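Residue-level listing of the chains:
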Amino acid sequence: MNYSFWEKYFIESPSEITIIGAGIVGLSTAISIKERYPEVSVKILERSTSPNGASTKNAGFSCFGSVSELLDDIEHIGEEACMEIVKMRWYGLKKLKERVGIENMEYHHVGGTELFDKNDLQTFEKCQSQSDQLNEMLEDHLGIKTCYQVQRNHQLGAFHDYHLFNAYEGIINPVKMMHTLHRMAVQLGVQIFYGHTIDDINMGDYTLSTVEGLNIHFQKLIICTNGFTRRLLPNIEVNPARNQVLMTKPLSNNPLKSGYHFDRGYLYFRPFQDRILLGGGRNMDLSGETTDAFGHSIIIQDYLCERLELIYPGASQQIDCWWSGIMGVGESKKPLTTWIHDDILTGIRLGGMGVAIGSHLGEQLAEKVLFNG
Ligand SMILES: Cc1cc2nc3c(=O)[nH]c(=O)nc-3n(C[C@H](O)[C@H](O)[C@H](O)COP(=O)(O)OP(=O)(O)OC[C@H]3O[C@@H](n4cnc5c(N)ncnc54)[C@H](O)[C@@H]3O)c2cc1C
């Protein structure tokens, strides 16, 4: 890269806080820092010409957990830990709506629907029988009443006759959300440098080297690179997880009325205007999808097309486009916010709910970095 002295001098000089990654977490953290202390200098370094991981490629569900997913979590990590994660999602979404504004991210309060397999009566009955108990937990922890309700499924005949509806969820346009966050960060004085790929963090002399040939000094560093973090920190406890998504062309009589989850949230679909967005299914090939490389696989595409046909026969011939995004996952569903060095903090491992958690995590990271928490 042909940098002038001026460019090098500007980009390489240290800010008080440097963030790697301009996804929802990097931007939210920068905004939270500046909202508290406008005089603190904050710089974000992003490898692409715009955010390029999950935040602009996701499905845009504003959700905090389906019944089957929460029951599964309670079974594995216990009620307290599960509710702690649900609270992060709930408060994250509240913060996001307050900050961005519902119009600026095209939020539609359409609810969330968990569908069940026609032939898997056992899962439906388990979820139905435990939904009252879950509702009580959510009332205790979030103060919301009758979160999950059993309803008759009139629209999607290929699924079980009843579904569980969550009236507190909605759908958004993730790129509009990110665009607003970017604008807010810039207005608050955050310097965002696109097109700088960090390839090494030198913890001894507090510099970041970039693929483009710069050495950027930092004082305090926050790593918000989620599913790509292992490229910088090979032993960190986060794995990349690719998710493939399709969007159909406009369809007449689109049957979708809300955001839909199936199979513990592994499969999801929603309307966008007259179109259907459908994605997920990485559990069909977990090892193949443990990658930080964007792209597609026949196994997942075939599976998603098969599912699309159940929702809207003929729609697999009406696909407008495919894309993929990279999440960061791990054994634990809790984000990893750890000091890996005196002055280096991580804000990674957002799993499949980073839209929900991102703003809350940004607040937590700001608090930690400002007060050495
Ligand atoms: C297909 C898909 C659907 C999803 N659907 C939903 C949903 O409906 N609801 C929900 O809540 N969540 C959803 N998620 C999850 C959510 O999108 C993520 O959890 C969230 O966006 C993570 O944000 P982040 O800022 O941590 O990471 P990212 O958005 O991935 O941002 C990380 C940034 O770091 C940059 N970067 C990486 N390495 C470097 C480097 N070496 N140097 C400089 N920059 C670097 C990347 O380019 C990227 O812009 C979905 C994810 C995917 C992939």
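These numbers were taken from a predicted model, which means no experiment stands behind them.

1. Focus on the environment of Ala185
Then, number 1: Of note, Ala185 is situated in helix H6 (residues 174–187).
Then, number 2: Residue Ala185 is classed as buried on the basis of its relative accessible area of 0%.
Then, number 3: Along the backbone, Ala185 and Leu350 are 165 residues apart, and their C-alpha atoms lie at a distance of 21 Å.
Then, number 4: In contact with Ala185, other than residues within four places in its own chain, are Leu27, Ile31, Val190 and Ile192.

2. Concerning the site of the ligand
Then, number 1: The full set close to the ligand counts 38 residues, and Glu46, Arg47, Asn52, Ser55 and Phe61 are the nearest of them.
Then, number 2: Here an oxygen atom of the ligand sits 2.6 Å away from a polar atom, N or O, in the side chain of Glu46.
Then, number 3: Within the backbone of Ala356, a nitrogen or oxygen atom sits 3.3 Å from an oxygen atom of the ligand.
Then, number 4: Protein chains bury 97% of the 1000 Å² of accessible surface belonging to the ligand in isolation.
Then, number 5: Of all the secondary structure elements, the ones that give two or more residues to the shell around the ligand are helix H2 (24–36), strand E2 (42–46), strand E13 (239–248), strand E17 (319–329) and helix H8 (354–371).
Then, number 6: For the shell around the ligand, the per-class residue count stands at 19 nonpolar, 16 polar and three charged.
Then, number 7: Shared between two domains, the shell around the ligand takes at least three residues from each, and those domains are domain 1 (5–57 + 175–238 + 332–371) and domain 3 (239–329).

3. Overview of the pattern of salt bridges
Then, number 1: The full count for this structure, using the stated rule, is 18 salt bridges.
Then, number 2: One salt bridge in this structure joins Lys8 and Glu12, with 3.6 Å as the shortest N-O distance. Here Lys8 and its partner Glu12 are both found in helix H1 (residues 5–12), four residues apart, which amounts to about one turn of the helix.
Then, number 3: Across the pair Lys334 and Glu84 runs a salt bridge whose closest N-O atoms are separated by 3.2 Å. You can see Lys334 sitting in the loop between E17 and strand E18 (339–341) and its partner Glu84 sitting in helix H4 (residues 79–100), a full 250 residues away along the chain.
Then, number 4: Classification of Lys334 as partly exposed rests on a relative accessible area of 37%.
Then, number 5: Of the residues examined, Glu84 reaches a relative accessible area of 39% and is grouped as partly exposed.

4. Regarding the domain arrangement of the protein chain
Then, number 1: Segmentation of the protein chain into domains returns domain 1 (5–57 + 175–238 + 332–371), domain 2 (61–172) and domain 3 (239–329).
Then, number 2: One C-alpha centre belongs to domain 1, the other to domain 3, and the line joining them spans 29 Å.
Then, number 3: In this assembly, 16 residues from domain 1 lie in contact with 12 residues from domain 3.
Then, number 4: Here domain 1 packs against domain 3, burying approximately 1000 Å² in sum over the two surfaces, 55% of which is carbon and sulfur.
Then, number 5: The shortest N-O distance in the salt bridge between Arg231 and Asp292 comes to 2.6 Å.
Then, number 6: Seen at the junction of domain 1 and domain 3, the total is six residue pairs in polar contact (both at pLDDT 80 or more).
Then, number 7: Looking at the side of domain 1 that touches domain 3 residue by residue, the class counts come to four nonpolar, six polar and six charged.

The rules behind these values
- Residues numbered from 1 in each chain as written.
- Predicted model: local features only at pLDDT ≥ 70, side-chain atom pairs only at ≥ 80, totals over all residues.
- Heavy atoms only, no water.
- Helix = DSSP H or I, 4+ residues; strand = E, 2+ residues; numbered from the N terminus.
- Buried < 20%, exposed > 50% of the residue type's maximum accessible area, 1.4 Å probe, protein only.
- Contact = heavy atoms within 4.5 Å.
- Near = heavy atom within 4 Å.
- Polar contact = N/O pair within 3.5 Å; in protein donor to acceptor, adjacent residues only side chain to side chain.
- Areas by Shrake-Rupley, 256 points an atom, 1.4 Å probe, with all protein chains shown as cover.
- Nonpolar A, V, L, I, M, F, W, Y, C, P; charged D, E, K, R; others polar.
- Domains from an automatic or database assignment.
- Salt bridge = Lys/Arg side-chain N within 4 Å of Asp/Glu carboxyl O.
- Buried area = accessible area lost by both parts, 1.4 Å probe.

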